[in-house]
Amino acid sequence: MIPASRCRDHVESAIHHVRKHRKTLMEARMTKINTVLLNSLLARADARFGANKMHNVELPLASCQLRDSLTLIESLIKANRPDQLEAAIAQVRARFCKDADALKDLALLLNRSDYFKEALDVARQGLALDPDHPLLHHNAARALSIRGDPASSRHHGEEATRLLPDVPQLKFQLAGTLLALGEFDEGWRRYRAFHDIPE
């Protein structure tokens with residue numbers, strides 16, 4: 001069995017190596033594997049040694065592709081790094097501030113990860129660029145509904161279903177909102193249609 005002190009030395013040596021070469025790793029074409037390995041190493045060190053203060057890693061996302069940026073954000077969520085996550089989200093929002101589709105992907109990731117306030121902020125940023133983007137409306141509707149504002153969610157849900165009338169998941173989201181608002185006839189009608197339940 002390897003003594004704990006030796007394990008700690010190996011991890012700290014690896015952290016030092018990553019810190020020394022992180023600029024090269026991140027700027028040389030940050031790939032998914034680099035991102036996952038880097039955050040996995042740091043998360044393990046935190047869990048084992050409580051070493052948060054030893055290796056705060058800066059996140060130079062200005063030159064990253066969207067997929068790599070989203071992978072890094074997902075890694076930060078899983079590693080429970082709220083400060084770095086906030087900075088990473090801000091960097092991605094700034095980098096893709098003129099790309100409604102990229103903002104839709106970010107809002108979707110945040111919604112799926114239960115970061116509903118952040119998802120709503122990103123969806124609203126995207127809708128300012130493209131007010132007729134159905135999936136940005138859908139992400140806004142979902143975030144608002146879960147945050148307890150079905151009245152505001154309804155507008156976005158109706159817009160999403162108007163713009164993409166053949167997508168059942170959007171109708172289902174709106175059905176839940178209508179039921180939450182007490183509009184049972186219309187809500188149950190949409191719910192039954194989603195599940196193909198006869199009247």
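Note that the structure is predicted; figures quoted are calculated from it, not measured. (Residues numbered from 1 in each chain as written. Predicted model: local features only at pLDDT ≥ 70, side-chain atom pairs only at ≥ 80, totals over all residues. Heavy atoms only, no water.)

Describe the packing of helix 7 (residues 134-146) against helix 9 (residues 168-180), naming the residues involved and giving the relevant values.
Packing of helix 7 against helix 9 brings their axes to within 11 Å, and their N-to-C directions diverge by 30°. In terms of orientation, helix 7 and helix 9 fall into the roughly parallel class. The handedness of the crossing between helix 7 and helix 9 is left-handed. Contacts between helix 7 and helix 9 involve L135, H138, A141, R142 and S145 from the first element and Q169, L170, Q173 and T177 from the second. (Axes fitted to C-alpha atoms, helices over the stretch in contact; angles between N-to-C directions. Helix = DSSP H or I, 4+ residues; strand = E, 2+ residues; numbered from the N terminus. Parallel < 35°, antiparallel > 145°, perpendicular 65-115°, else oblique. Left-handed = near helix turned anticlockwise from the far one by under 90°. Contact = heavy atoms within 4.5 Å.)

Report on the environment of R190, specifying residues and quantitative values.
By the element assignment, R190 lies in helix 10 (residues 184-195). On a C-alpha basis, the gap between R190 and Q173 in space is 9.4 Å, while along the polypeptide they are 17 residues apart. For R190, the residues in contact, after removing those within four places along its chain, are K171, L174, A175 and L178.

Before we move on, can you summarise the packing of aromatic side chains with the specific residues and values?
Summed over the entire model, instances satisfying the criterion amount to two aromatic pairs. Seen from their ring centres, F172 and Y191 are 5.8 Å apart, and the 35° between their planes marks the pair as tilted. In this pair, F172 sits in helix 9 while Y191 sits in helix 10, placing the two residues 19 residues apart along the sequence. Given the relative accessible area of 33%, F172 is considered partly exposed. (Phe/Tyr/Trp six-rings, centres within 6.5 Å; stacked < 30°, edge-to-face > 60°. Buried < 20%, exposed > 50% of the residue type's maximum accessible area, 1.4 Å probe, protein only.)

Residues and numbers for the nonpolar core, please.
By size, the foremost hydrophobic cluster in this structure holds 28 residues, and its most contacted members are I73, L85, I89, L106, L110 and V122. Of all the elements in the fold, those that place two or more residues in this core are helix 3 (66-78), helix 4 (82-95), helix 5 (100-112), helix 6 (116-129) and helix 7. Those residues in contact with L110 that sit more than four places away from it in its chain are I89, Y115, E118, A119 and V122. (Core = buried A, V, L, I, M, F, W, Y, C linked by side-chain atoms within 4.5 Å.)

Any chance you could break down the confidence of the model for the chain for me, citing the residues and the numbers?
Per-residue confidence for the chain averages 81 on the pLDDT scale, and 67% of its residues sit at or above 70. When the criterion is pLDDT under 50, residues 27-33 qualifies, and its contacts beyond four places in sequence or with other chains add up to eleven contacts. Contacts for the low-pLDDT stretch residues 51-57, under 50 throughout, to residues beyond four places or in other chains number 19 contacts. (pLDDT = per-residue confidence, 0-100.)

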